[in-house]
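Chains, contacts and geometry: an overview
As a plain string of letters, each chain reads:
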Amino acid sequence: MPLSTRAYVRLTDRTRARGIRVAGIAIIILAAGATLLPAGKTISSDMIGALLVAAGLIEAVAGSLRREVRPFAMSAGGVTAVAGLLFLLSPETHFFPTVTPVIGWLLLRSLILAIASGESKGSVRTWTGLSAGMDFLLAVLLIAGLSISTIIISIFGPTPELVASFAWVLAASFVVNGLLLLEVASSAKQSVAG
């Protein structure tokens, strides 16, 4: 292989690693935005949708830059973007109806990431498994809290504590996903250096 071709491949790998790193940082910044959602009295469906669409598109682009598990990584981003579109296209004025699509999104995303974890290697496998586990745990917590939330919302409406806990679910998922992307970028950079 000519030296110029090898240098181009390395540059492409570095560019991929940088792109994935930027995506990870962007998703962590979106997590910070999700933590600010409870500042208002209610969470707007549009705001949730915009956060999910942005995170999904960023994750899908980062997934397209990956060498391993590309279809799974892009699918996880696609599922997130579709969940966001549901919020944007069908805005709800009450808090309760917005929880069900988030549970579905978390369960589907955790399944995709669990499969991707089995196809990954090394520390990326661990972080993919952690991301899948976090989304599954968050879905279970929402399901467990759903029956209690139904009673609370029926009587009192969406309380600030309930709104804040919902925002933290989004933030926790985004943070772990961002950390996963940073680990993928770090692994890609190490393979370039090696």
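Above this text you will find the structure in question.
Residues numbered from 1 in each chain as written. Predicted model: local features only at pLDDT ≥ 70, side-chain atom pairs only at ≥ 80, totals over all residues. Heavy atoms only, no water.

The subject of this paragraph is helix 3 (residues 70-89). The periodicity of an α-helix, 3.6 residues per turn, causes residues three or four positions apart to be oriented the same way. In this model, helix 3 (20 residues) spans 28 Å end to end at C-alpha, consistent with the 28 Å of a helix rising 1.5 Å per residue. Among the residues of helix 3, A73, A76, G77, V79, T80, A81, A83, G84 and F87 are the ones counted as buried. (Helix = DSSP H or I, 4+ residues; strand = E, 2+ residues; numbered from the N terminus. Expected span 1.5 Å × (residues − 1). Buried < 20%, exposed > 50% of the residue type's maximum accessible area, 1.4 Å probe, protein only.)

For E59, the location among the structural elements is in helix 2 (residues 45-65). Its relative accessible area of 6% is what places E59 among the buried residues. Ignoring sequence-local partners within four residues, the contact set of E59 consists of I27, A73, A76, G77, T80, R109 and N177. (Contact = heavy atoms within 4.5 Å.)

The full count for this structure, using the stated rule, is 2 cavities of 30 Å³ or more. Volume-wise, the largest cavity comes out at about 40 Å³. Taken together, E59, A62, G63, R66, A73, L113, N177, L180 and L181 make up the lining of the largest cavity. Of all elements in the fold, only helix 2 and helix 6 (160-193) reach the threshold of two or more residues within the lining of the largest cavity. Residues belonging to the lining of the largest cavity are distributed by class as follows: 5 nonpolar, 2 polar and 2 charged. Roughly 30 Å³ of internal volume is contained in the second largest cavity. Forming the boundary of the second largest cavity are I27, A55, E59, T80, W105, R109, S173, F174 and N177. When contributions to the lining of the second largest cavity are tallied by element, the ones reaching two or more residues are helix 2, helix 4 (96-119) and helix 6. (1 Å grid on protein atoms, 1.4 Å probe; cavity = no way out; pocket = protein on both sides within 12 Å on 5 of 7 lines; lining within 4 Å. Points joined across faces, edges and corners; volume = space filled by probe spheres on them. Nonpolar A, V, L, I, M, F, W, Y, C, P; charged D, E, K, R; others polar.)

Side chains of L107, F136, V140 and I143 sit close together on the surface and give an oily, nonpolar patch of about 320 Å² of accessible area. With 3 residues, the single largest contributor to the nonpolar patch is helix 5 (residues 122-156). Among the secondary structure elements, V140 is positioned in helix 5. (Patch = residues over 30% accessible without salt bridge, like charges linked within 9 Å, V, L, I, M, F, W, Y side chains within 5 Å. Areas by Shrake-Rupley, 256 points an atom, 1.4 Å probe, with all protein chains shown as cover. Salt bridge = Lys/Arg side-chain N within 4 Å of Asp/Glu carboxyl O.)

Our focus in this paragraph is the side chain of D135. By the secondary structure assignment, D135 is in helix 5. By relative accessible area, which is 0% here, D135 ends up buried. When neighbours within four sequence positions are excluded, D135 is seen to be in contact with L106, R109, S110, L113 and S173.

Turning to the pattern of salt bridges, a few remarks are in order. Any two side chains of opposite charge can pair if their charged atoms end up close together. Per the counting criterion, the structure on display carries 5 salt bridges. Salt-bridge contacts for D13 lead to R67; the nearest nitrogen and oxygen are separated by 2.4 Å. Here the residue D13 occupies a position in helix 1 (residues 3-35), and R67 occupies one in the loop between helix 2 and helix 3, the gap between them amounting to 54 residues. What makes D13 buried here is its relative accessible area of 16%. The class of R67 is exposed, set by a relative accessible area of 56%. Linked by salt bridges that have partners in common, D13, R16 and R67 make up one network.

Note that all results are geometric; they support no functional claim without further evidence.
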